[in-house]
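Reading the structure
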There are 2 protein chains.
Amino acid sequence: MSETLDSAVRSYVDTHREAFLGDLAEWLRIPSVSAQPAHAQDVERSADWLAAQLKETGFPTVEVWPTEGLPAVFAEWPSEDPGAPTVLVYGHHDVQPAAREDGWATEPFAPEIIDGKLYARGAADDKGQVFFHTLAVRAHLAATGRNAPAVHLKMLVEGEEESGSPHFAALVEEHAARLGADVVIVSDTGMWSAETPTVCTGMRGLAECEITLYGPAEDLHSGSFGGAVPNPATALARLVAALHDEDGRVTIPGFYEGVEELTEQEHALFAELPFDEASWLDTAKSQATAGEHGRTTLERLWARPTAEVNGIGGGYQGEGGKTIIPSSAMVKLSFRLVADQDPEHIERIVGDWVARRTPAGIRQETVFSAGTRPCLAPLDHPALGSLTRAMGRAFGRRILLTREGGSGPAACLQEVLGVPVLFLGISVPSDAWHAPNEKVELDLLLKGAEAGAYLWSDLAQNWPGAT
Amino acid sequence: MSETLDSAVRSYVDTHREAFLGDLAEWLRIPSVSAQPAHAQDVERSADWLAAQLKETGFPTVEVWPTEGLPAVFAEWPSEDPGAPTVLVYGHHDVQPAAREDGWATEPFAPEIIDGKLYARGAADDKGQVFFHTLAVRAHLAATGRNAPAVHLKMLVEGEEESGSPHFAALVEEHAARLGADVVIVSDTGMWSAETPTVCTGMRGLAECEITLYGPAEDLHSGSFGGAVPNPATALARLVAALHDEDGRVTIPGFYEGVEELTEQEHALFAELPFDEASWLDTAKSQATAGEHGRTTLERLWARPTAEVNGIGGGYQGEGGKTIIPSSAMVKLSFRLVADQDPEHIERIVGDWVARRTPAGIRQETVFSAGTRPCLAPLDHPALGSLTRAMGRAFGRRILLTREGGSGPAACLQEVLGVPVLFLGISVPSDAWHAPNEKVELDLLLKGAEAGAYLWSDLAQNWPGAT
């Protein structure tokens, strides 16, 4: 680890900060909202804009990849050392919807810097965190005097992440050969806090279903029929109540198949995080913690699978009362999964469980949407060491480990490419992803660029077999 | 029982049939829809119309009683025999909403007679069944040669039954002294069928509440928070699931307090009814019966209390999925009650039960609307004997007993006046109450008038102490 390299990187980043922020602001002005069909052209414009920037950065190969929906951008910059490891950086160039009247203090698509923070939709999620890689690779080249990165560098920046990545898995399958890499670096997450920089080692997966129970063919009068026919809303409540046992464990047989327990080392690392339950409850806007007995809150969030009700409905929900037996009731459930659970296995066992528990006189329909796999990097993987060191150099602190409780499409890269997925993110919890007044902290954003610059050198040096 | 009296009644009814139906049609043309404020004047017009008809019938005292809502009609006709029992007839002059486009084959407020059936909103529920009493009392007088009925006859016809009788209890309290009676006859129900005429001996009561469980102050991301905070929709499902045990009994402590078991005699009488489960399931549009173990369907419907979900809702109920932990969830419950359960006791025990079962981190709010008492006449009450005989003379058949699973405001008369409530109704299940194409069968309607005519004579003769 060379102090000279570090100061050269830092100096390059400082010098080019204004131009970098100016370019980023230009990108942030494109309202690439993938969920709104009216913005489809903006998402295409965003892909073209990014492709042009990556070309200008020096990537010799830059392609806009169409999908059945909105386009992704692929870029590739081989190292001059053929034996160097190959890294695939993942991010997305689409953003969540945003409108001034939702509670924004500034125009969401007119970036403004206030007190060292850049406010705009996409500032942190994810344009800022994709774009720091352009500054990172420039700094890396300038500081090392190279013409090409020390690693074979690939980038895949999709355009539908905020609308559920409906075509991402197909895109990855289609281009699997060109995406081949030794490790995936996802830049679409955050850190514990600015004071406690961290590296994330895994994300939970997701399986989602909607269960509808059908009873009488029409709503019935609860006086004329009540007490003598099955009530689908009651049956549904019993089903949902049976999802968990008294210890908060999911009761569906086979549900915990594949679940890996935390290692002693991870337990110890999680315990070092400055977790404060009272302030976490504030963030969770909740009055109490709950969940699987005998597990810490962080373990529940990061390392344990869940079964949550996202929505439930049936019968009369208007003002006052209506004395009916509803003809149907539905519940939307989502299951967060941890390595090494398989969403398709979950679909099967949940479907069987619902069918088995549906009482006489009730018909059930259970529909799953496409699942997302969990991912988890081995703690002893050399790339995790490189990433932790690179972050440590950028932040000047010891880097702790976290995981992510949410789910992301990048997890499928672990499966298709058969390599670990790691997370280089510099966002902090106050960045307001998906909410009004999304922002990114400029000093963290630039530290992200620094970390990227160090990472390519460290990976090349410390990859197994590197000389 | 005099055959001469019977044929005189029948002959009077026959002779006056056209005029009676003509007047009833005039009343049915007034769209006295109490639930729709635009029809408030029609409800008032309906009250005035009825008051004028009752005067013309011969009632010496007829008053329109205002309420804080829509008016009721009160009429009184003392017997010439001061020792005669006093009877209060209950009915209502308001109707359910109706519009041609809901599926009516005729205009709902333009009565039409087709194949011996009178089609109109209110034909059976309840104008037809109120109005046959005018023909009944005329026939009674004509056949007996009296100037006044054999009993002290009172009528109370309210104008808000179809919108929940919000002011009825207050009206009854206010006029309790003038309403004093020895027995109440409700003409707002039906019979088993035209082939199996019956008398109803009781109605279930009703308690209704809405329970809302509040969790996080806002919907939370189920990835970031799932598994570690209480989910109010899950908590609600557990509450609803806990309402019943495995035998279908309501588990709330004290719920069955006051419940009277069916007597052997009632069991036997219910068993005589031509109940066919397959055709009942057709009517119930259901695939199976359900409910409290060890009880017949009729017992479940008429003699057992229930806890039914009328509506449930919380979180995301739109298209597709939304991975949130909802901030709240609510359920609307209704409890049908049987004699001698007390709605206020039910409110207390349900409220306590919900409060006790609400888990840490969840706040509950349980709001009850005004309850309705159950009512049940003693099988050995002399008025029940009179009513059964009167129906038997009108229909020329043995009269069986039923109860009513629904609830009605008339039950409060049992409580306030402290006398039994009996039911003289001639409607049949196909009459389509509250539905398109409501009708009443003309021969049954006229038999209702006959039964009324016999009833006043029989009651006077067979009342305890009558000479």
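Fair warning: this is a prediction, and the values are worked out from it, not measured in the lab.

On to the side chain of A:Asp458, then. By the element assignment, A:Asp458 lies in helix α15 (residues 442-462). For A:Asp458, a relative accessible area of 3% puts it in the buried group.

Here we come to the environment of A:Pro149. Residues and elements named next belong to chain A. Structurally, Pro149 is set in the loop between α4 (127-144) and β6 (152-158). Residue Pro149 is classed as buried on the basis of its relative accessible area of 0%. Taking the C-alpha atoms as reference points, Pro149 and Ala411, separated by 262 residues in sequence, lie 25 Å from one another.

All names here are of chain A. Domain annotation of chain A identifies domain 1 (3-203 + 374-462) and domain 2 (205-259 + 305-372). Contact with domain 1, which involves 7 residues of that partner, is made by 8 residues of domain 2. In total, about 570 Å² of surface goes out of reach between domain 1 and domain 2, with carbon and sulfur atoms giving 63% of it. Its largest share of buried area at the contact with domain 2, domain 1 owes to Pro374, Leu376 and Ser407, together 71% of the area lost on that side. Where domain 1 meets domain 2, there are 0 salt bridges. Its residues placed into classes, the side of domain 1 that touches domain 2 shows 3 nonpolar, 4 polar and no charged.

Quick look at the sheet that holds strand β14 (residues 363-372) of chain A now. Pairing within the open sheet is antiparallel, and its 8 strands lie in the order β14(A)-β9(A)-β13(A)-β11(A)-β11(B)-β13(B)-β9(B)-β14(B). Each edge of the open sheet is held by one strand with a lone partner, namely β14 of chain A together with β14 (363-372) of chain B. When the angles between neighbouring strand axes are averaged without regard to direction, this sheet yields 15°. In the sheet, strand β11 (residues 308-315) of chain B pairs with strand β13 (residues 328-337) of chain B via 6 bridges, with the strands oriented antiparallel. Bridged to B:Val309 within β13(B) is B:Leu333. Strands in contact with helix α8 (residues 232-241) of chain A are β9 (205-214), β11 (308-315) and β13 (328-337) of chain A together with β11 of chain B; relative to β13(A), the strand with the most contacts, it is inclined by about 15°. Across the face of the sheet, helix α12 (residues 343-357) of chain A comes into contact with β9, β13 and β14 of chain A while running at roughly 170° to β14(A).

Here we come to the relation of the copies chain B and chain A. Between the two copies of this chain, the relationship is a rotation about some axis together with a displacement along it. The operation relating chain B to chain A is a screw motion whose rotation component is 179°, with 0.1 Å of axial translation and a residual RMSD of 0.2 Å. Given the turn and translation reported, the copies of this chain are related as if by a two-fold rotation axis. Of the interface residues in chain B, 100% have counterparts in chain A that sit at the interface too, so the contact is made through matching surfaces.

This part takes up the interface of chain B and chain A. With 69 residues of chain B in contact, the opposing surface of chain A contributes 69 residues. Contact between chain B and chain A buries roughly 5,000 Å² in total, counting both sides, with carbon and sulfur atoms accounting for 56%. Counting every contact that joins chain B to chain A gives 2 salt bridges. With a shortest N-O distance of 4.0 Å, A:Lys285 and B:Glu218 are connected by a salt bridge. For the interface between chain B and chain A, the tally reads 33 residue pairs in polar contact (both at pLDDT 80 or more).

The next point concerns the UniProt feature "domain: Peptidase M20 dimerisation" (unreviewed entry) in chain A. Under the feature "domain: Peptidase M20 dimerisation" (unreviewed entry), the UniProt entry names residues 202-359 of chain A. Split by type, residues 202-359 of chain A is 32% helix and 22% strand. Its first and last C-alpha atoms lie 39 Å apart.

All names here are of chain A. In this model α4 runs 26 Å from its N-terminal to its C-terminal C-alpha over 18 residues, within 8% of the 26 Å that 1.5 Å per residue would give. With 14 of 18 residues buried, α4 is to be regarded as a mostly interior element. Residue Gly145 follows α4 closely and has a positive phi angle near 70°.

Turning our attention to the packing of helix α2 (residues 17-28) of chain B against helix α4 (residues 127-144) of chain B. Residue and element names in this part refer to chain B. With their axes 10 Å apart at the nearest point, α2 and α4 run at an angle of 145° to one another. Of the two possible hands of crossing, α2 and α4 adopt the one that is right-handed. Judged by residue contacts, Phe20, Asp23, Leu24, Trp27 and Leu28 of α2 engage Lys127, Gly128, Val130, Phe131, Phe132, Thr134 and Leu135 from α4. When the residues that make up the contact of α2 with α4 are grouped by side-chain class, the tally is 8 nonpolar, 2 polar and 2 charged.

With that settled, the discussion passes to the nonpolar core. Ranked by size, the top nonpolar core spans 90 residues in total, and within it B:Phe59, B:Val87, B:Met391, B:Leu445, B:Trp456 and B:Leu459 carry the most contacts. By residue number, the principal contributor to this core is helix α14 (residues 442-462) of chain B, which donates 12 residues. Setting aside anything within four residues of it in sequence, one finds B:Val87 in contact with B:Val151, B:His152, B:Leu153, B:Lys154, B:Ala181, B:Val183, B:Ile185, B:Trp456 and B:Leu459. Listed in part, the 89 residues of the second largest apolar core include A:Trp49, A:Val73, A:Leu424 and B:Leu220.

Of all the 8 residues making up β11(A), 7 are buried; the element is thus mostly covered by neighbouring parts of the structure. Pairing of β11(A) with β11(B), which is carried by 5 bridges, proceeds in the antiparallel orientation. Within the sheet, the bridge partner assigned to A:Ile312 lies in β11(B) and is B:Gly314.

Time to look at the sheet that holds strand β18 (residues 439-441) of chain A. Residue and element names in this part refer to chain A. What the 3 strands build is an open sheet, ordered β4-β5-β18; its pairing is antiparallel. The sheet is open, and its two borders are formed by β4 (112-114) and β18, each paired with just one other strand. Ignoring strand direction, the axes of neighbouring strands in this sheet form an average angle of 25°. Where β4 meets strand β5 (residues 117-119), 3 bridges bridge the pair, whose relative direction is antiparallel. Bridge pairing in β5 places Glu112 opposite Tyr119. The sheet contacts of α15 involve β4, β5 and β18, and relative to β18 the element is tilted by about 70°.

Criteria and cut-off values
Residues numbered from 1 in each chain as written. Chains lettered and ligands numbered in written order. Predicted model: local features only at pLDDT ≥ 70, side-chain atom pairs only at ≥ 80, totals over all residues. Heavy atoms only, no water. Helix = DSSP H or I, 4+ residues; strand = E, 2+ residues; numbered from the N terminus. Buried < 20%, exposed > 50% of the residue type's maximum accessible area, 1.4 Å probe, protein only. Domains from an automatic or database assignment. Contact = heavy atoms within 4.5 Å. Buried area = accessible area lost by both parts, 1.4 Å probe. Salt bridge = Lys/Arg side-chain N within 4 Å of Asp/Glu carboxyl O. Nonpolar A, V, L, I, M, F, W, Y, C, P; charged D, E, K, R; others polar. Pairing = 2+ DSSP bridges. Axes fitted to C-alpha atoms, helices over the stretch in contact; angles between N-to-C directions. Least-squares fit on C-alpha atoms with pLDDT ≥ 70 in both. Polar contact = N/O pair within 3.5 Å; in protein donor to acceptor, adjacent residues only side chain to side chain. UniProt positions renumbered as here; feature names shortened; annotations may be inferred. Expected span 1.5 Å × (residues − 1). Left-handed = near helix turned anticlockwise from the far one by under 90°. Core = buried A, V, L, I, M, F, W, Y, C linked by side-chain atoms within 4.5 Å.

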